[in-house]
Amino acid sequence: MEHTCICPKFEAAIEILAKKWTGLIIRVLMEKTSRFRDIREQIPQMSERMLAERLKDLEAHGIVIRHVHAETPVRVEYELTQKGRDLTPVIESIQSWGEKWMK
């Protein structure tokens, strides 16, 4: 039987999505644009430092966009980009699989 290499694009996608907390952050942002503290409230086990790191990573990959509103005090919100919203069926499929198979 011939062995084939895993597609580099699949590998790159899994590398992003497999990082701890990333899927949960995307799941929270699928619901609505959120502020940092709102995301933290949804995922209380995650440290602020880790959330900041993951959001920067997702922003660098074009999955999340950061909106800074010039108000006093400054308001910062995070939203999924189109690239991020395209993950919705993927995240929903993982959730369905988890509900069926995870104890």
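Located above this text is the structure these notes cover.
The following refers to the structure shown. It should be emphasised that the depicted structure is a prediction, and the values quoted were computed from it without experimental measurement. (Residues numbered from 1 in each chain as written. Predicted model: local features only at pLDDT ≥ 70, side-chain atom pairs only at ≥ 80, totals over all residues. Heavy atoms only, no water.)

### Observations concerning a nonpolar patch on the surface
Thought 1: Together, Ile6, Phe10 and Ile14 line one region of the surface with nonpolar side chains, adding up to about 310 Å² of accessible area.
Thought 2: Among the structural elements, Phe10 can be located in helix H1 (residues 8–17). (Patch = residues over 30% accessible without salt bridge, like charges linked within 9 Å, V, L, I, M, F, W, Y side chains within 5 Å. Areas by Shrake-Rupley, 256 points an atom, 1.4 Å probe, with all protein chains shown as cover. Salt bridge = Lys/Arg side-chain N within 4 Å of Asp/Glu carboxyl O. Helix = DSSP H or I, 4+ residues; strand = E, 2+ residues; numbered from the N terminus.)

### Thoughts on helix H4 (residues 48–60)
Thought 1: In a regular helix each residue adds 1.5 Å, so 13 residues correspond to 18 Å; H4 covers 18 Å between its end C-alpha atoms and thus fits that length.
Thought 2: Within H4 the residues assigned to the buried category are Met50, Leu51, Arg54, Leu55, Asp57 and Leu58. Seen from one end, H4 has its buried residues packed into an arc of 160 degrees, which puts them on one side. Across from the buried face of H4, at angles greater than 90 degrees, the exposed residues are Glu48, Arg49, Lys56 and Ala60.
Thought 3: Considering only its buried residues, H4 is in contact with H1, helix H2 (22–31), helix H3 (36–42), strand S2 (64–69) and strand S3 (75–80). (Expected span 1.5 Å × (residues − 1). Buried < 20%, exposed > 50% of the residue type's maximum accessible area, 1.4 Å probe, protein only. Arc of directions from axis to C-beta. Contact = heavy atoms within 4.5 Å.)

### Side note on the packing of H2 against H4
Thought 1: Their axes nearest at 10 Å, the elements H2 and H4 cross at an angle of 75 degrees. Between H2 and H4, the interaxial angle falls into the category roughly perpendicular. Counted together, Thr22, Ile25 and Ile26 of H2 and Leu51, Arg54, Leu55 and Leu58 of H4 form the full contact between these two elements. (Axes fitted to C-alpha atoms, helices over the stretch in contact; angles between N-to-C directions. Parallel < 35°, antiparallel > 145°, perpendicular 65-115°, else oblique.)

### A look at the nonpolar core
Thought 1: Ile25, Ile26, Ile39, Ile63 and Val64 are the most contacted members of the largest nonpolar core, which has 21 residues in total.
Thought 2: Among the elements of the structure, H2, H4 and S3 are those that each provide at least two residues to this core.
Thought 3: In terms of residue count, the dominant contributor to this core is H2 (5 residues).
Thought 4: When near neighbours in sequence (up to four residues on either side) are disregarded, Ile63 contacts Ile16, Ile26, Leu58, Glu79, Leu80, Thr81, Lys83, Gly84 and Leu87. (Core = buried A, V, L, I, M, F, W, Y, C linked by side-chain atoms within 4.5 Å.)

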